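So the chains spell out like this:
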Amino acid sequence: MRKENIYIDTEYIRLNDLLKIGGFGTGGQAKMLIQNGGVKVNGEVCTMRGKKMRIGDCAECNGIVLEVCGK
């Protein structure tokens, strides 16, 4: 499993935006991944594309973990 840190300078980032930044395709592709149950947030399947991801949260998809980090 590969882990990547995504740095933000805001309070949160929405899950679909996190996936786009993390390289999981366009907004539409990220939306489909989430709606089809292909993404786990902090170990639990999440189907809410607008989920607010805060510093310390992790999203997992296709063997890649994206961790939200502060700048």
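Caption draft 1: Representation of the overall build of the protein chain in the model. Looking only at helices and strands, the protein chain has two helices and seven strands in total. Taking 71 residues into account, the globule formula puts the C-alpha radius of gyration at 11 Å, and the protein chain, at 11 Å, falls close to it. Judged by the C-alpha coordinates and their principal axes, the protein chain covers about 30 × 25 × 20 Å. Going through the 71 residues of the protein chain one by one, you find that 34% of them count as buried. Here the protein chain holds 11 positive side-chain charges and 8 negative ones, and the gap between their average locations is 6 Å.

Caption draft 2: Region of the structure containing the sheet that holds strand β3 (residues 40-41). On the basis of which strands lie adjacent, the open sheet formed by five strands has the order β1-β7-β6-β3-β4 and mixed pairing. This sheet does not close on itself; its edge strands, each paired only once, are β1 (2-8) and β4 (44-45). As paired elements, strand β6 (residues 58-61) and strand β7 (residues 64-70) share four bridges and run antiparallel to each other. Across the sheet, the residue bridging to Ala59 is Leu66, located in β7.

Caption draft 3: Expanded view of the nonpolar core. Judged by nonpolar contacts, the single largest core of 18 residues is most densely connected at Leu15, Leu18, Leu19, Val39, Met53 and Leu66. Broken down by secondary-structure element, the contributors of at least two residues to this core are β1, α1 (15-21), α2 (27-35), β6 and β7. Sequence-distant contacts of Leu66, defined by excluding residues within four places in its chain, comprise Glu4, Ile6, Leu18, Leu19, Gly22, Phe24, Asp57, Cys58 and Ala59.

Caption draft 4: How the structure looks around the pairing of β6. Only one face of β6 is covered, namely the one carrying Ala59 and Cys61; the face carrying Cys58 and Glu60 has none of its residues buried. As defined by bridge partners, β3 adjoins β6 across two bridges and the pair is classed as antiparallel. Paired with Val41 across the two strands is Ala59, which belongs to β6.

Caption draft 5: Molecular detail of the environment of Arg14. You can see Arg14 is positioned in strand β2 (residues 12-14). Given a relative accessible area of 33%, Arg14 falls into the partly exposed group. In this structure the C-alpha to C-alpha distance between Arg14 and Arg49, which are 35 residues apart in sequence, comes to 7.1 Å. Those residues in contact with Arg14 that lie beyond four places of it in its chain are Arg49, Gly50, Lys51, Lys52 and Met53.

About the thresholds
- Residues numbered from 1 in each chain as written.
- Predicted model: local features only at pLDDT ≥ 70, side-chain atom pairs only at ≥ 80, totals over all residues.
- Heavy atoms only, no water.
- Helix = DSSP H or I, 4+ residues; strand = E, 2+ residues; numbered from the N terminus.
- Rg over C-alpha atoms; globule rule 2.2 N^0.38 Å.
- Buried < 20%, exposed > 50% of the residue type's maximum accessible area, 1.4 Å probe, protein only.
- Lys, Arg positive; Asp, Glu negative; His and termini not counted.
- Charge placed at Lys NZ, Arg CZ, Asp CG, Glu CD.
- Pairing = 2+ DSSP bridges.
- Core = buried A, V, L, I, M, F, W, Y, C linked by side-chain atoms within 4.5 Å.
- Contact = heavy atoms within 4.5 Å.

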